[in-house]
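Overview (structure and organization)
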Amino acid sequence: MIDLRGQGIINPGAIHANLSRATLVEHAVTRGEAILADTGALVAYTGTHTGRSPQDRYIVAESPSKDQVFWGAVNRPMEPGVFQRLLDKAHAYVQGRDLFVFDGWACADPRYRLPVRVLAEKAWHALFARCLLLRPSAQELPTFQPQFTVLHAAGLLADPQRDGTRSDVFILLSFERRTVLIGGTHYAGEIKKAVFSVLNYLLPQQGVLPMHCAANIGPGGDTALFFGLSGTGKTTLSADPHRRLIGDDEHGWSDDGVFNIEGGCYAKTIRLSRAGEPQIWNAIRFGAVLENVVLDPVTRLPDYDAERLTENTRAAYPIEYIDNAELSGRGGHPSNLVFLACDAFGVLPPVSRLTTEQVMYYFLSGYTAKVAGTETGVTDPQATFSTCFAAPFLPLDPARYAELLAAKLQVHGAVVWLVNTGWTGGGYGVGGRIKLVYTRAMVNAALGGLLAGVPFAPDPVFGVLVPQSCPGVPAELLQPRGTWKDPAEYDRQVRRLAGLFAKNFEKYAARLPEAVRRAGPRV
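The following paragraphs examine the structure supplied in this document. (Residues numbered from 1 in each chain as written. Predicted model: local features only at pLDDT ≥ 70, side-chain atom pairs only at ≥ 80, totals over all residues. Heavy atoms only, no water.)

Quick word on helix α10 (residues 436-447)
Quick reminder of the rule: Going along the chain from the N terminus, every DSSP run of H or I of four or more residues is numbered as a helix, and every run of E of two or more is numbered as a strand. To estimate the expected span of a helix, count its residues, drop one, and scale the result by 1.5 Å. Three labels apply to residues, based on accessible area from a 1.4 Å probe with only protein chains included: buried if under 20% of the type maximum, exposed if over 50%, partly exposed otherwise in between. Note on contacts: a residue pair is in contact if any heavy atoms of the two residues lie within 4.5 Å.
Given a rise of 1.5 Å per residue, 12 residues ought to cover 16 Å, and the 16 Å separating the end C-alpha atoms of α10 matches this to within 8%. Buried within α10 we find T439, R440, A441, M442, V443, A445, A446 and L447. In this structure, the buried residues of α10 make contact with β12 (223-227), α6 (234-238), β22 (334-341), β23 (351-353) and β26 (415-420). Positive backbone phi, approximately 75°, marks G449, located one or two places after α10.

Quick look at the structure:
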């Protein structure tokens, strides 16, 4: 029995608390929320919203947190009275409705563990939370006391004129009330990223660096971190059969090492293949959740190439579904950090090593590139810069996260690499995506120390140190200009991207040492 009055919920319908994955699947199917794929995975469709709604995310401007929040385009303020009205509206909405409750932890290190209660009107959202958060044992549940509550009222729509929101979607974070309120969207990723945003506020105050990165451990016990925005390869490259996976997306770095914030993975599945990503492929089974993946109506086979609903198709599954996962969720201080960028301009070197100043520059830049929609057959890559590879989830001044990273690196001396998982031989539509087998070879060489004796030379524009050879990789691939049929066009595009870096970095320049300002591309 669970009493939800502490979360302000009175007179709900049936309360389904901490159900097994099998029971949650049964509820989701019988209630018509989702269907089963032939793999046994539960498949749900989120309707209009197939991704996050960052413009509908607000932080409640309460004391004392309002003096710490870095207000701006990412962290939009909401007055406490407005939040209270929406919270009251949500409490009224769930009266008489069945609720699915999942109690779990964020943070694998017990010293920083955050007990989170997820309340959802959908069984499949509770199953999603069960996949992504750390699961208490049956013996631990009776004494579980939530310190943060996530209420996901997916079917509750805001009225912008009356409720003071931008649209009918709302994602509201109250650090003082220790509450996250989500409505108007069925996209389950909002639950995961709201909890991450909360920890990006709490952990730095304890001297812990929260990171939007994957992490794994090599045979010799060496920990590696993989930073990157969605689509750059964090999940793919960290799921290595020769290295134990700590986690694929969110971690903390404390004085004792690295720990996973989550208890599961949330992998993109667009164009997923058994050959290319066998660990992820094998993890999609009973107990996993597929979001917006198209199924054959007869065979129920997933079509991972289909993007007619969205390219942001996803799979959520517990970390133990990865065969060689590190189930402690913890690792030592990292020996290597990898910054991933999917460069659709096709001008970044495929692999390079960064100096101390370049680490700060590229960490604050958080670069990748996405491909715009096609217009009369022409595509144009769009540069994306996300501070610390996590801008939508950073409530505090970005400088605090960068300073924490610099301090960790100074003490522990990890090597930092920049890896381009995007295009070569031309930009999108002209060149080709760098083959995964080559990217894996470059990452393995970097992590395995195989580049230690190789000569490096600075890239003439980006200044990063490029190895002159790499085991398992054609030498010509390492120098991007040489892969282009039209070197003059390469020069034009590299100047263009360098200019975009410089323009983006202007907002940090006055607050940083000159050595860091000069560590960027030469315009």
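Structure's up, so let's keep going.
Points about the nonpolar core
Quick reminder of the rule: Note on terminology: a nonpolar core comprises buried Ala, Val, Leu, Ile, Met, Phe, Trp, Tyr and Cys residues joined through side-chain atoms within 4.5 Å.
If you look at the biggest cluster of nonpolar residues, it comprises 113 residues, and the most contacted ones within it are L225, F227, W253, L337, F339, Y362 and F462. Each residue touching L225, except ones within four places of it in the same chain, is listed here: M211, C213, A214, A215, W253, V258, P334, N336, L337 and V338.

Observations concerning the pattern of salt bridges
The condition is simple: Here, a salt bridge means any Lys or Arg side-chain nitrogen found within 4 Å of an Asp or Glu carboxyl oxygen.
This model, assessed by the stated rule, comprises 25 salt bridges. Its salt-bridge partner being E320, residue R21 comes within 3.8 Å of it at the nearest N-O pair. On the criterion of sequence distance, the pair formed by R21 in helix α1 (residues 21-30) and E320 in the loop between β20 (314-318) and β21 (330-331) is long-range, its members being 299 residues apart. With relative accessibility at 33%, the residue E320 sits in the partly exposed group. Of the charged contacts, one joins E320 and R135 as a salt bridge, the two residues approaching to 2.9 Å between their closest N and O atoms. Linking E320 in the loop between β20 and β21 with R135 in the loop between α3 (123-132) and β8 (148-153), this pair joins segments that are 185 residues apart in sequence. One continuous salt-bridge network, built from bridges that share partners, spans K192, K193, K234, D249, E250 and E262.

Here's the deal with the layout of surface pockets
Stated precisely, the cut-off is as follows: Whether a set of points on the 1 Å grid over the protein atoms alone is a cavity depends on a 1.4 Å probe fitting there but being unable to get out, while an open set qualifies as a pocket with protein on both sides within 12 Å along at least five of seven lines; lining residues are those with an atom within 4 Å of a point. Grid points are joined across faces, edges and corners, and a volume is the space filled by probe spheres set on the points. Three classes are used: nonpolar for Ala, Val, Leu, Ile, Met, Phe, Trp, Tyr, Cys and Pro, charged for Asp, Glu, Lys and Arg, and polar for all others, with Gly counted as polar.
One number sums up the size of the second largest pocket: a volume of about 270 Å³. Taken together, 15 residues line the second largest pocket, and the ones lying closest to its centre are L134, R135, G263, L327 and S328. The class makeup of the residues in the lining of the second largest pocket is six nonpolar, four polar and five charged.

Considerations on the packing of α1 against α3
How two helices pack is summed up by the angle between their axes together with the distance between the axes. Going by this rule: Orientation is described by axes fitted as lines to C-alpha atoms, over the contacting stretch for helices, and by angles from 0 to 180 degrees between their N-to-C directions. Comment on the angle field: the value is read as roughly parallel under 35 degrees, roughly antiparallel over 145, roughly perpendicular from 65 to 115, and oblique elsewhere. The hand of a helix crossing depends on one turn: near helix anticlockwise from the far one by less than a right angle means left-handed, and clockwise means right-handed.
Two elements in contact, α1 and α3, have axes separated by 8 Å at closest approach and are oriented at 155°. Taken together, α1 and α3 sit at an angle that is classed as roughly antiparallel. The chirality of how α1 crosses α3 is left-handed. Residues R21, L24, V25, H27 and A28 of α1 lie in contact with α3, whose contacting residues are A123, W124, A126, L127 and R130. Considered class by class, the residues forming the contact of α1 with α3 number seven nonpolar, one polar and two charged.

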